[in-house]
Amino acid sequence: MDESASDAVSPATGADLVHQVDGIEVASFRAVIARLRSDYPLEDPSRIEAVVLREWEAFSAGRPLVVPTAVEEGAREILGLPRD
């Protein structure tokens with residue numbers, strides 16, 4: 001991933017930030033849920049999470065846009081192991 005892909009940051013609702021990765025605006029799952037819970041206080045929180053997860057699946061087709069750096073570290077460990 002090139003360095004400029006994650007450098008752009010713009011303010012979002014509240015103190016949380018929306019970042020841009022590969023040209024797509026992203027926010028933490030926790031921040032999205034918190035904003036939706038605030039905007040829809042009468043909605044069941046588990047339904048809000050289910051809707052966000054369903055929308056994520058539809059948007060991403062199951063392919064992650066970002067992964068924790070620990071995932072890359074784990075992959076490096078596995079790839080560095082000798083093959084059977």
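So, how was this worked out
Residues numbered from 1 in each chain as written. Predicted model: local features only at pLDDT ≥ 70, side-chain atom pairs only at ≥ 80, totals over all residues. Heavy atoms only, no water. Phe/Tyr/Trp six-rings, centres within 6.5 Å; stacked < 30°, edge-to-face > 60°. Helix = DSSP H or I, 4+ residues; strand = E, 2+ residues; numbered from the N terminus. Buried < 20%, exposed > 50% of the residue type's maximum accessible area, 1.4 Å probe, protein only. Salt bridge = Lys/Arg side-chain N within 4 Å of Asp/Glu carboxyl O. Pairing = 2+ DSSP bridges. Axes fitted to C-alpha atoms, helices over the stretch in contact; angles between N-to-C directions. Parallel < 35°, antiparallel > 145°, perpendicular 65-115°, else oblique. Left-handed = near helix turned anticlockwise from the far one by under 90°. Contact = heavy atoms within 4.5 Å.

## Observations concerning the packing of aromatic side chains
- Inspection of every chain in the model, using the stated rule, returns 1 aromatic pair.
- Between W56 and F59, the aromatic rings sit 6.1 Å apart at their centres with planes inclined by 35°, giving tilted as the arrangement. Taken together, the residues span about one helical turn, with W56 and F59 both in helix α2 (residues 45-60) at a distance of 3 residues.
- Exposure remark for W56: the relative accessible area of 35% places this residue in the partly exposed category.

## Comments concerning the pattern of salt bridges
- The full count for this structure, using the stated rule, is 2 salt bridges.
- The salt bridge partner of R47 is E43, with a shortest N-O separation of 3.1 Å.
- For R47, a relative accessible area of 46% puts it in the partly exposed group.
- The exposure class assigned to E43 is partly exposed, which follows from its relative accessible area of 30%.
- Salt-bridge contacts for R76 lead to E72; the nearest nitrogen and oxygen are separated by 2.8 Å. Taken as a pair, R76 and E72 lie in helix α3 (residues 69-79) at a separation of 4 residues, close to a single helical turn.
- Judged by its relative accessible area of 57%, R76 falls in the exposed class.
- Using a relative accessible area of 42% as the deciding quantity, one classes E72 as partly exposed.

## Points about the pairing of strand β2 (residues 17-21)
- Examined bridge by bridge, β2 and strand β3 (residues 24-26) share 3 bridges and lie antiparallel to one another. If you follow V21 over to β3, its bridge partner there is I24.

## Considerations on the packing of helix α1 (residues 29-39) against α2
- One way to put it is that α1 packs onto α2 with a least axis distance of 10 Å and a crossing angle of 130°. Considered as vectors, α1 and α2 are oriented oblique to each other. Like other packed secondary-structure pairs, α1 and α2 cross with a definite hand, here right-handed. Here F29, V32, I33, L36 and R37 of α1 lie close against α2, whose contacting residues are P45, I48, E49, V52 and L53.

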